[in-house]
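Chain by chain, the residues:
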Protein chains: 2
Amino acid sequence: MENFVYHSPTKILFGNGQINNLAQEILPYGRKVLFVYGEKHIRQHGVYDRIVNLLQDADISWIDFGGVHPNPRMDMVYKGIDLCHEEKIDFILAVGGGSVSDTAKAIAAGAKSDFDIWNAFSDFLRRVPDAEKNIPREALPIGVVITKAGTGSEFDLTSVVTKWEEGTPHEKLLHMNPVFYPRFSICDPTLTYTLSAAQTAYGIADMMTHYFEQYFSQSENTEYLDRMKEGALKTIITCGTRVISYPEDYAARAELMYAALWSCSAQNITGVIPEWTSHFIEHEITALTDLNHGLGMAIIFPAWMKYVIGDHPARFARYASEVWNIPRNGRGDIELGMEGIHKTIEFWSSLGIPTNWSEAGVDPDILPIAAKRALRFGTMGTFKKLEEEDVLHILKSAC
Amino acid sequence: MENFVYHSPTKILFGNGQINNLAQEILPYGRKVLFVYGEKHIRQHGVYDRIVNLLQDADISWIDFGGVHPNPRMDMVYKGIDLCHEEKIDFILAVGGGSVSDTAKAIAAGAKSDFDIWNAFSDFLRRVPDAEKNIPREALPIGVVITKAGTGSEFDLTSVVTKWEEGTPHEKLLHMNPVFYPRFSICDPTLTYTLSAAQTAYGIADMMTHYFEQYFSQSENTEYLDRMKEGALKTIITCGTRVISYPEDYAARAELMYAALWSCSAQNITGVIPEWTSHFIEHEITALTDLNHGLGMAIIFPAWMKYVIGDHPARFARYASEVWNIPRNGRGDIELGMEGIHKTIEFWSSLGIPTNWSEAGVDPDILPIAAKRALRFGTMGTFKKLEEEDVLHILKSAC
């Protein structure tokens, strides 16, 4: 087990009806709220009206700030920061999925920083000499009501946003900072009943890859951690199938929401050298195509797995055996591990997720651009070091 | 899954060498420390000297407050509170096991309360009409350096202390309060190398019962949580055997310290109706005998399991099958579950833990007194409701 420092201050209110505690959780921070949301899903299914009623009943005023795009963009972040200043906002409320939460985090830190908050993102992976001056030291308090299970943004310190500028390659970048931890997140599984099958499935792939990124590690002596992640993955597989058939299966929706919550948590990254290479590669694909992130991960991750299996075959054999209960039948680690990878692809396919770029409608011509851009911060990978030609091989193998 | 609220603000510094960060973690809170510890273990094995050097080097002054007894007592708590006032203490540093940490928590809250802090403990399970006035609202900040793996006090909101008065039944009671969360806990597995085999084994039994108390629950649809606990228990079983044979097996010591950390954590109690009945019964035994808590738990828990198995046989069958890999071989849930219980007793016995009151040197005459006292706050149990005769039956079955 690797040494680690863990600190996770977010308060979680989990379960059916917890949304009713929204106002009392906001009030310690003030009465002037920036209400950040996507648009369609929460408007169509009554969540917007419930939130508005809860705020009104508690005499909390809000500035309506809808229209956050999936793969959220900096233009909304800048608008949100301006609103915080103009309206003297006390608190940022994010209602939606990871895009909304990530946008809220960037606005919250931007409103309390005297520099362009984009710099915090653009400097994060680039090792620039004066990066220190572009690290936010504080943020407005944030609360989240999560309506999708997948990203885990409701319980992590990460924000990923895209600078979407016509005529230049869009930049999709992350920043990790403890000031991003929400003060509270409300996780009510019933709010996910109305997600489409595709949104549900992409969230399932996304949360699984969060566990994968910490599971396919070269760290040794991680028995507790391995078993925890294997248990999470088995639960997601069982419950994922259930919610696609019965979207209002509360028990299964709750398991998925719980699994997503912990998938990016401070706990899940303890004790191992983390990966995240597949995530960084995927960010380049979505920056070029605006593809759904979970869908992109479902295509890239198995391609990465097949490429790196030879660097630690026993880990993949364990995955096949523990997560998928595949018997060894006299086979070596690589053969067994490959069956585990194929089971993963089959499972995601069974949820209706495209399994390659062609099915996902991604033009293969962008793959070399994505590979080149993925390497612009230097060599990638902790499980296996990857150069541009490795990344390109991975991407092309998923055509 | 049951609804829950989760909030766990303690920062954890985990791994070999993390003790070197002690001073920088204390300094944000002040420079005048009450240094609380047991005595023998940390004095004999150089931990005391290391702490003192770290404090000196950082120009942090401290009041030495050693001599905390296992099953810690209120007289030390009162002395500590007086010292906090007399010496204008900024911060309480606990170095040792759960007894030291629990003492520090009681002192920290007592120093900031204008009532006798014992009332917070004596009122906690007793439903008294004016209990509100005896709930501490703040506490001095606490930091922990843990030198034993077992209680999980380094990462929870609970303190258990004993009012030890000659001539009256001693009262061992708990109080749970968010003000008890340590600001940080340093978990360095190498500090547990020098524990005796018995101390190590009792800690193993203790942490296992923390998982049991949340696993043997009547709550349904808890797949993620069940798998997490089963994984923890399997890890503890494997690594427990290893550390008894090789006390300096870092990897196994680290797994046990990690498992203990989460065993009483805010996470481990999410999503289920918790039990804790066996813990409450054990507190009465130790109040009467000053027995080691982990040892007491190792005797009571299997007795409780055998008594309640009929109330949810499938749960015990799952335990036998998932934790101990016992094949069903055509047997019913109760028969399979009973084999799981026997495996648990065998395992603890293999670590050198006494398996009944006689081996532990407990006079059977105290059992009726313990049963009577255990019920003084009303009916016990969530998995199965227990009256005095039930508790007495459980206790006597372990003679």
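Computed from a prediction, not measured in an experiment: that's the story for all the values here.

1. Concerning the pairing of strand E2 (residues 11–14) of chain B
As defined by bridge partners, strand E1 (residues 4–6) of chain A adjoins E2(B) across three bridges and the pair is classed as antiparallel. Among the inter-strand pairings, Tyr6(A) is bridged to a residue of E2(B), identified as Ile12(B). Where E2(B) and strand E9 (residues 184–187) of chain B come together, four bridges link them in parallel fashion. Across the sheet, the residue bridging to Lys11(B) is Phe184(B), located in E9(B).

2. Focus on the interface of chain A and chain B
Listed by partner, the interface residues are 32 residues for chain A and 32 residues for chain B. Of all elements in the fold, only E1, strand E2 (11–14), helix H8 (223–245) and helix H9 (250–263) of chain A reach the threshold of two or more residues within the side of chain A that touches chain B. Residue contributions to the side of chain A that touches chain B peak at nine residues, all from H8(A).

3. As for the relation of the copies chain A and chain B
The operation relating chain A to chain B is a screw motion whose rotation component is 180°, with 0.0 Å of axial translation and a residual RMSD of 0.0 Å. Such a combination of turn and shift is consistent with a two-fold rotation axis. Both copies share a contact surface, since 100% of the interface residues of chain A are interface residues in chain B too.

4. A look at the pairing of strand E5 (residues 91–96) of chain A
Residues and elements named next belong to chain A. Buried residues dominate E5, accounting for six of its six residues. Both faces of E5 are covered, namely the face carrying Phe91, Leu93 and Val95 and the face carrying Ile92, Ala94 and Gly96. Here five bridges tie strand E3 (residues 32–37) to E5, and the two strands are oriented parallel to one another. Bridged to leucine 34 within E5 is isoleucine 92. Where E5 lies against strand E6 (residues 142–146), five bridges are found, and the strand directions are parallel. Across the sheet, the residue bridging to alanine 94 is valine 144, located in E6.

5. Details of the nonpolar core
Across soluble globular proteins, you tend to see nonpolar side chains buried next to one another. In this structure, Val36(A), Ile92(A), Val36(B) and Ile92(B) are the most contacted members of the largest nonpolar core, which totals 258 residues. When near neighbours in sequence (up to four residues on either side) are disregarded, Val36(A) contacts Phe65(A), Val68(A), Gly80(A), Ile92(A), Leu93(A), Ala94(A), Val100(A), Thr103(A) and Ala104(A).

6. Points about the sheet that holds E2(B)
On the basis of which strands lie adjacent, the open sheet formed by seven strands has the order E1(A)-E2(B)-E9(B)-E6(B)-E5(B)-E3(B)-E4(B) and mixed pairing. A strand with exactly one partner marks an edge of an open sheet, and here the two such strands are E1 of chain A together with strand E4 (61–65) of chain B. Neighbour-to-neighbour, the strand axes of this sheet turn through a mean angle of 15°, independent of strand direction. Across the sheet, helix H4 (residues 74–87) of chain B is in contact with strand E3 (32–37) and E4 of chain B; its angle to E3(B) comes to roughly 165°.

7. Some thoughts on the environment of Trp324(B)
Residue and element names in this part refer to chain B. Along the polypeptide, tryptophan 324 turns up in helix H12 (residues 313–324). Each C-alpha atom of the pair tryptophan 324 and glycine 340 lies 6.6 Å from the other, and the pair is 16 residues apart in sequence. In contact with tryptophan 324, not counting residues within four places along its chain, are Gly340 and Lys343.

8. With respect to the sheet that holds strand E4 (residues 61–65) of chain A
Strand order in the open sheet formed by seven strands is E4(A)-E3(A)-E5(A)-E6(A)-E9(A)-E2(A)-E1(B), with mixed pairing between adjacent strands. Edge positions in the sheet fall to E4 of chain A together with strand E1 (4–6) of chain B, since each has one partner strand and no second. In this sheet, adjacent strand axes meet at a mean angle of 15° when their direction is disregarded. Alignment of E3(A) against E4(A), held across five bridges, turns out to be parallel. Bridge pairing in E4(A) links Lys32(A) to Ser61(A). In the packing of helix H4 (residues 74–87) of chain A onto the sheet, the strands contacted are E3 and E4 of chain A, and the crossing angle to E3(A) comes to about 165°. Contacting E3, E5 and E6 of chain A, helix H5 (residues 98–110) of chain A runs over the sheet at an angle of about 165° to E5(A).

9. A word on H4(B)
Residues and elements named next belong to chain B. Taking 1.5 Å per residue as the helical rise, H4 with its 14 residues ought to reach 20 Å, and the 20 Å between its terminal C-alpha atoms agrees with that figure. The inward-facing, buried residues of H4 contact E3, E4, helix H5 (98–110), helix H6 (118–122) and strand E7 (158–163). In the segment just after H4, lysine 88 is the residue with positive phi, at about 50°.

10. Describing the domain arrangement of chain A
All names here are of chain A. As far as domains go, chain A holds domain 1 (11–191) and domain 2 (196–396). The gap between the C-alpha centroids of domain 1 and domain 2 is 26 Å. Across the boundary between the two partners, domain 1 contributes 24 residues, which contact 25 residues of domain 2. Within the residue set of the side of domain 1 that touches domain 2, elements represented by two or more residues are strand E7 (158–163) and strand E8 (171–176). Per-element tally for the side of domain 1 that touches domain 2: the top contributor is E7, with three residues. For the side of domain 1 that touches domain 2, a count of residues per class yields nine nonpolar, nine polar and six charged.

11. Some thoughts on unusual backbone geometry
Only a minority of non-glycine residues have a phi that is not negative, and only a minority of peptide bonds are not trans. Even without glycine at this site, Asn221(A) takes up a positive phi of about 55°. Judged by C-beta crowding, with 17 C-beta atoms within 10 Å, Asn221(A) ranks as partly exposed. At Asn325(B), a position not held by glycine, the phi torsion is positive, near 55°. Here Asn325(B) is to be found in the loop between H12 and helix H13 (333–350). Taking the number of C-beta atoms within 10 Å as the measure of exposure, Asn325(B) has 9 and is therefore exposed.

12. Considering the confidence of the model for chain A
Here chain A shows a mean pLDDT of 96. Residues at 70 or above account for 100%. The complex model carries a pTM of 0.97, and its ipTM stands at 0.96.

13. Thoughts on the packing of H8(A) against helix H8 (residues 223–245) of chain B
For the pair H8(A) and H8(B), the least separation of the axes is 8 Å and the interaxial angle reads 155°. As far as their axial angle goes, H8(B) and H8(A) are roughly antiparallel. The two elements H8(A) and H8(B) meet at a crossing, and its hand is right-handed. Judged by residue contacts, Glu223(A), Tyr224(A), Arg227(A), Met228(A), Gly231(A), Ala232(A), Lys234(A), Thr235(A) and Thr238(A) of H8(A) engage Glu223(B), Tyr224(B), Arg227(B), Met228(B), Gly231(B), Ala232(B), Lys234(B), Thr235(B) and Thr238(B) from H8(B). Its residues placed into classes, the contact of H8(A) with H8(B) shows six nonpolar, six polar and six charged.

Each value, and the rule that gives it
Residues numbered from 1 in each chain as written. Chains lettered and ligands numbered in written order. Predicted model: local features only at pLDDT ≥ 70, side-chain atom pairs only at ≥ 80, totals over all residues. Pairing = 2+ DSSP bridges. Helix = DSSP H or I, 4+ residues; strand = E, 2+ residues; numbered from the N terminus. Contact = placed C-beta atoms within 7 Å. Least-squares fit on C-alpha atoms with pLDDT ≥ 70 in both. Buried ≥ 20, exposed ≤ 12 C-beta atoms within 10 Å, placed from the backbone. Core = buried A, V, L, I, M, F, W, Y, C linked by C-beta atoms within 7 Å. Axes fitted to C-alpha atoms, helices over the stretch in contact; angles between N-to-C directions. Expected span 1.5 Å × (residues − 1). Domains from an automatic or database assignment. Nonpolar A, V, L, I, M, F, W, Y, C, P; charged D, E, K, R; others polar. pLDDT = per-residue confidence, 0-100. Parallel < 35°, antiparallel > 145°, perpendicular 65-115°, else oblique. Left-handed = near helix turned anticlockwise from the far one by under 90°.

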